[in-house]
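# Structural characterization, general
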Amino acid sequence: MAERSDRGTPGTRQAHPAAADGRWTRVALAWWGALIAFCFALGAVLHGLGVLRIDHLPPLHAHFRVPALTLLPAAVFAAVAVRVLPELVGRGGFGRASLVAYGFALAWTIVLAVSADGLAAPFTHRQEYLAVLPAVGHDPLGWLATFTQRLPEYPTHVRGHPPLSVLVVWASAAVGLDGPLRAAILVVLVGCSATVAIGLTVRRLAGEEAARRALPYLALTPVSVWIATTMDAFFAGVGAWGVALLLLGRGTAARTWFAAGAGVLLGALPYLSYGLVPYLVIPVTVALLVRLPRSALLAALAGAAAVTGVFAAAGFSWLAGVAATHAEWAADPGAARPYLYFLVANLAVLALITGPATTAGLVRAARELTTGRLAAVPPGRTPLHAAVVVTEAARRHGTAAVVAAALVAVLALDVSGVTRGEVERIWVPFAVWIGLAAAYAQGRRMLAAQVVTGLLLQGLVASPW
């Protein structure tokens, strides 16, 4: 009897962590649902009182709709994808796995979009970037030089962003990719490529197994509902590749050239959206985790500086653009949205578009960190010693560190009050990184929960993006 008791004790002890993880996950998911429900309920009250006039389904800038049968193909695809994608990305080389994940990300995004108004619909709106192309004409440099002065004349989205987004659309039209549909295809191709770029980053930070585990969650994320419909998805792709290029290249020369390219892409982000400045916390974190060589660091800084130099030489001042856009924003109805409501509601939207698996994964990642070396700082040690322990733990948990960096960036935007609403599209570049946490949850049930969330969002929410 004593021997049986001794043999059973270790098994009992080993079961406790799993049981604790399960309890914490259930609690976190309950809070996930409660936060979202509370913010929608309070939003409905505020809308009914006339406090939120421009949002009909707050905290989303959208309308409610009844799901249509056209969503059925997306549901069938989701069921098949949950079944086969984890196995497919586990086979063959990592390049093949990345391409498979990219293909599924494209298919998932497109099948969601065509179940409603189609890919091109959002880009036909008179407030979108294509509407200003006649003003650019055949003189993009002349248009750029007068962009800030003429800002009040332009559509809403152009007034709220730096000029590079318009120039991207203009350049794509100049090479034959003109019209709303082709612009939408370009955005989807680039936006979905973030799956590959983030997968490469995770592979470098945490190993190939972790990257393969993350690929299905990156491909089937609920945020795909907005990747197909907003220019912010393009920003997400640019930013993700800017981070990934920091880590590519085997020799010194190749690494330097890749880093220079990364600098160009990352340096372009503030000229695509003013709100992407906090995004730079992500590449800085990655550079620290991998101890980026000085030559690569200098090349990245040079690439970013080159972007700034080109815009300055063309007559566009970023600071003047920020000031002009802030003045336009202050006069816009969006600035009257209640700060305290959206301080919380923005986070509810982030939780919704990243899905329940992300919340479950965040809890599991936090428990792994806090029960590991992060909690192993001996009492009486100096803050410097504690910082060393934290840094080493972050390097061993590279995925969690990058997710934490993205969360810090989002919280900075949220507290600033600049992003009051519409974060379902504005925070797409951050959401694709935060969604990495879903890989900690693991299992087909969590992946299924992600696609069900995406289907519900597509079926119940009529968004202009």
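Residues numbered from 1 in each chain as written. Predicted model: local features only at pLDDT ≥ 70, side-chain atom pairs only at ≥ 80, totals over all residues. Heavy atoms only, no water.

## A short note on a nonpolar patch on the surface
On the surface, Phe38, Leu42, Val45, Leu49 and Val51 cluster together to form a nonpolar patch covering roughly 460 Å² of accessible area. Within the secondary structure, Phe38 sits in helix H1 (residues 2-48). (Patch = residues over 30% accessible without salt bridge, like charges linked within 9 Å, V, L, I, M, F, W, Y side chains within 5 Å. Areas by Shrake-Rupley, 256 points an atom, 1.4 Å probe, with all protein chains shown as cover. Salt bridge = Lys/Arg side-chain N within 4 Å of Asp/Glu carboxyl O. Helix = DSSP H or I, 4+ residues; strand = E, 2+ residues; numbered from the N terminus.)

## Description of the environment of Phe342
Considering the arrangement of structural elements, one finds Phe342 in helix H17 (residues 339-354). Considering only alpha carbons, one finds Phe342 and Thr419, 77 residues apart in sequence, at a separation of 8.3 Å. Apart from residues lying up to four places away in sequence, Phe342 is in contact with Leu52, Asp55, Pro59, Arg337, Asp414, Arg420 and Gly421. (Contact = heavy atoms within 4.5 Å.)

## Things to note about the packing of aromatic side chains
Scanning all chains against the criterion turns up 12 aromatic pairs. Seen from their ring centres, Trp143 and Phe147 are 5.2 Å apart, and the 65° between their planes marks the pair as edge-to-face. Both residues of the pair, Trp143 and Phe147, count as buried. Between the aromatic rings of Tyr341 and Phe342, the centroid separation amounts to 4.9 Å while the plane-to-plane angle is 75°, which identifies the pairing as edge-to-face. Phe342 shares its class with Tyr341; the two are buried. Feature note: the residues Trp143, Phe147, Tyr154, Tyr271, Phe311 and Phe316 constitute an aromatic cluster, connected by ring pairs. (Phe/Tyr/Trp six-rings, centres within 6.5 Å; stacked < 30°, edge-to-face > 60°. Buried < 20%, exposed > 50% of the residue type's maximum accessible area, 1.4 Å probe, protein only.)

## Topic: the pattern of salt bridges
Scanning the model with the defined rule gives 11 salt bridges in all. A salt bridge links Arg203 to Glu208, with the shortest nitrogen-to-oxygen separation between them at 3.1 Å. Taking relative accessible area as the criterion, Arg203 reaches 37% and is therefore assigned partly exposed. Of the residues examined, Glu208 reaches a relative accessible area of 30% and is grouped as partly exposed. A salt bridge links Arg212 to Glu208, with the nearest nitrogen and oxygen atoms 2.7 Å apart. Here Glu208 and Arg212 lie together in helix H10 (residues 208-219), a separation of four residues that amounts to about one turn. Take Arg212: its relative accessible area is 13%, and that puts it in the buried class. The network of salt bridges with common partners includes Asp55, Asp232, Arg337, Glu422 and Arg425.

## What to know about the layout of surface pockets
Of the volumes computed, that of the largest pocket is approximately 1000 Å³. Around the largest pocket sit 39 residues that line it, and Gly160, His161, Trp329, Arg425 and Ile426 are the ones nearest its centre. Those elements that place two or more of their residues in the lining of the largest pocket are helix H6 (156-159), helix H16 (318-330), helix H20 (398-416) and helix H21 (423-426). Residue contributions to the lining of the largest pocket peak at six residues, all from H16. Residue composition of the lining of the largest pocket, by class: 15 nonpolar, 15 polar and nine charged. (1 Å grid on protein atoms, 1.4 Å probe; cavity = no way out; pocket = protein on both sides within 12 Å on 5 of 7 lines; lining within 4 Å. Points joined across faces, edges and corners; volume = space filled by probe spheres on them. Nonpolar A, V, L, I, M, F, W, Y, C, P; charged D, E, K, R; others polar.)

## Thoughts on unusual backbone geometry
Glycine aside, residues mostly have negative phi angles, and peptide bonds mostly take the trans form. The residue after Pro58, namely Pro59, is reached through a cis peptide bond having omega 15°. Following the sequence through the fold, Pro59 ends up in the loop between H1 and strand S1 (63-64). Notably, Glu422 is not glycine yet its phi reads approximately 65°, a positive angle. Counting through the fold element by element, Glu422 comes out in the loop between H20 and H21. Using a relative accessible area of 15% as the deciding quantity, one classes Glu422 as buried.

## Examining the side chain of His161
With respect to the helices and strands, His161 occurs in the loop between H6 and helix H7 (164-174). At a separation of 3.4 Å, a polar atom in the side chain of His161 contacts the side chain of Tyr129. Side-chain polar atoms of His161 contact the backbone oxygen of His157, separated by 2.7 Å. Setting aside residues up to four positions removed in sequence, His161 forms contacts with Tyr129, Phe147, Phe235, Leu272, Ser273, Tyr274 and Arg425. (Polar contact = N/O pair within 3.5 Å; in protein donor to acceptor, adjacent residues only side chain to side chain.)

## What to know about empty space enclosed by the protein
All chains considered together, the criterion is met by three cavities of 30 Å³ or more. Of the voids in this model, the largest cavity is the one considered here, and its volume is about 120 Å³. Contributing to the lining of the largest cavity are 19 residues, with Thr195, Leu218, Thr221, Ile227 and Val432 lying nearest its centre. A breakdown of the residues in the lining of the largest cavity according to their chemical character gives 10 nonpolar, nine polar and no charged.

## Points about the environment of Leu99
Along the chain, Leu99 turns up in helix H3 (residues 94-114). Residues Leu99 and Val196, 97 residues apart in the sequence, show an inter-C-alpha distance of 7.4 Å.

## Some details on the confidence of the model for the chain
Predicted coordinates in areas of low pLDDT are best not read in detail. Residues with a pLDDT of 70 or more make up 89% of the chain, whose mean pLDDT is 89. When mean pLDDT is taken per element in the chain, helix H22 (residues 428-434) scores highest with 98 and helix H19 (residues 383-396) scores lowest with 52. Under a pLDDT of 50 for its full length, residues 1-15 has, in the predicted model, zero contacts with residues more than four places off or in other chains. Low pLDDT, under 50, characterises residues 373-377; the stretch is placed with 11 contacts to residues that sit more than four places away or in other chains. (pLDDT = per-residue confidence, 0-100.)

## Focus on the environment of Pro59
Classification of Pro59 as buried rests on a relative accessible area of 2%. For the pair Pro59 and Leu347, spaced 288 residues apart in sequence, the C-alpha to C-alpha distance is 9.8 Å. Beyond its immediate stretch of four places on either side in the chain, Pro59 contacts Cys39, Phe40, Tyr341, Phe342, Ala345, Val349 and Glu424.

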